[in-house]
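The primary structure of each chain is shown beneath.
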Amino acid sequence: MSIHVNERMAASSVETAPVLPVAPLAPGTADSCRNSRTKRFIDIVGSASGLVLLSPILALLMGLIFLQDRGPVFFRQKRTGLDGEVFHIWKLRSMSVPPKPTPFRQTRGPHDPRITPLGRWLRATSLDELPQLMNVLAGEMSLVGPRPHPVELDASYKPRFEAYMQRYSVRPGLTGNAQVSGARGPINSREDMRNRLQHDLDYIRDWSVWLDVRLIFRTVLFPSKGH
């Protein structure tokens, strides 16, 4: 009972809290990023190569997930994409299967009881994100960009930040500036979201092909902890 009360209180605080200032993007700022053919070429080559090279690892992980409880291997969820369009993101399932459909509830960190032991390791290593290479190949995501949020989370925070939906003026990414800067994991406060939003808008303002390359190498070589 206390869990549900706390969740209602948290939702209420989101609705009534004042909007925190985040400098919006100037008109046209996102054009070079969203329209870059070079960026899309890197996405296609990178995601296709990744799916081929990582297919043995993906097959092994899929087998382990199935063996742990005979449940579905993949988890699909509605996320917000370019220009606010909704798409279904692909992930390796890291949570137990509920007995019946349940409303959206944000993950409460690595100790969330819904996370399976294998899922906890998958999340810690971010291996559960690998199937999103299919979203990148399909053009729904990019290798680098603001991380797509569940549509329910967007609905909660969109009214709180004037510039919030500008993070979707480019394709969402498999990794991004916020993630390599430590602004990742569960959103526990408005300041958490403000910090993530600021990193996302800074990425769009400063975008270049070389920035994407640097962020990809930082993600691979120095992965941050958390999820």
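What this report covers is the structure whose coordinates are included nearby. Each chain has its residues counted from 1, running along the sequence as written. A pLDDT threshold of at least 70 governs which residues receive local features in this predicted model, and a stricter bar of 80 or more applies before side-chain atom pairs are shown or counted, although totals over entire chains, interfaces and linings include all residues. To obtain the side-chain values, all non-hydrogen atoms of the structure were used and water was disregarded.

Its 13 residues place the ends of helix α10 (residues 209-221) 18 Å apart at the C-alpha level, agreeing with the 18 Å of an ideal helix rising 1.5 Å per residue. Any residue under 20% of the maximum accessible area for its type is buried, any over 50% is exposed, and the rest in between are partly exposed; the area is computed with a 1.4 Å probe on protein chains only. Numbering of helices and strands runs from the N terminus; a helix is a DSSP stretch of H or I covering at least four residues, while a strand is a stretch of E covering at least two. Taken together, the buried positions of α10 are occupied by Leu 211, Asp 212 and Leu 215. Take α10 and look down its axis: the buried residues cluster within an arc of 100°, on one side only. Those residues of α10 that are exposed and angled more than 90 degrees off the buried face are Trp 210, Phe 217, Val 220 and Leu 221. Where the residues of α10 are buried, they touch α3 (37-53), β3 (142-144), α8 (177-180) and α9 (190-206). Each residue after the first adds 1.5 Å to the expected span of a helix. The arc refers to the directions leading from the helix axis to the C-beta atoms. Contact definition: two residues touch when any of their heavy atoms are within 4.5 Å.

A word on the pattern of salt bridges. For salt bridges, the criterion is a side-chain nitrogen of Lys or Arg within 4 Å of an Asp or Glu carboxyl oxygen. Evaluated as defined, the whole model comprises eight salt bridges. A salt bridge links Arg 93 to Asp 69, with the nearest nitrogen and oxygen atoms 2.7 Å apart. Here the residue Arg 93 occupies a position in the loop between β2 (86-92) and α5 (117-125), and Asp 69 occupies one in helix α4 (residues 55-69), the gap between them amounting to 24 residues. Residue classification places Arg 93 among the buried positions, given a relative accessible area of 5%. When the shortest N-O distance is used, the salt bridge between Asp 128 and Lys 91 registers 3.6 Å.

A separate point is the packing of aromatic side chains. Ring pairs shown here join Phe, Tyr and Trp side chains whose ring centres sit within 6.5 Å, with only the six-membered ring taken for Trp; geometry is labelled stacked below 30 degrees between planes, edge-to-face above 60, and tilted in between. In this structure the tally under the stated criterion is two aromatic pairs. Ring centres 5.2 Å apart and planes at 85° place the aromatic pair Phe 74 and Trp 90 in the edge-to-face group. Residue Phe 74 is located in strand β1 (residues 74-80), and its partner Trp 90 is located in strand β2; the two are separated by 16 residues in the primary sequence. Residue Phe 74 is classed as partly exposed on the basis of its relative accessible area, which comes to 30%. When the ring centre of Tyr 168 is taken as origin, the NZ or CZ atom of Arg 167, which lies over that ring, is 5.0 Å away. Consider the ring centre and the ring normal. A charge sits over the ring if Lys NZ or Arg CZ is within 6 Å of that centre and within 35 degrees of that normal.

Now for the pairing of β1. Of the strand pairs in this sheet, β1 and β2 are connected by seven bridges, and their pairing is antiparallel. Counted as the bridge partner of Arg 79 is Phe 87 from β2. Counted between consecutive antiparallel strands, the loop separating β1 from β2 contains five residues, among which Asp 83 sits at a positive phi close to 60°. A pair of strands is labelled paired if DSSP reports no fewer than 2 bridges between them.

This brings us to a nonpolar patch on the surface. Taken together, the side chains of Phe 41, Ile 42 and Val 45 define a hydrophobic patch exposed on the protein surface, amounting to about 260 Å² of accessible area. Tracing the backbone through its elements, the reader meets Phe 41 in helix α3. Accessibility expressed as a relative area gives 55% for Phe 41, which makes it exposed. For patches, a residue must show more than 30% relative accessible area and have no salt bridge; joins then use 9 Å for like charges and 5 Å for nonpolar side chains, namely Val, Leu, Ile, Met, Phe, Trp and Tyr. Residue exposure ignores everything except the shown protein chains as possible cover, and the areas themselves are Shrake-Rupley values with a 1.4 Å probe.

Glancing now at α5. Leu 118, Gly 119, Leu 122 and Arg 123 are the residues of α5 that are buried. Seen along its axis, α5 keeps its buried residues to an arc of 135°; they face one direction. Where α5 is buried, its residues touch α4. Looking one or two places after α5, you find Ser 126, whose phi comes out positive at around 65°.

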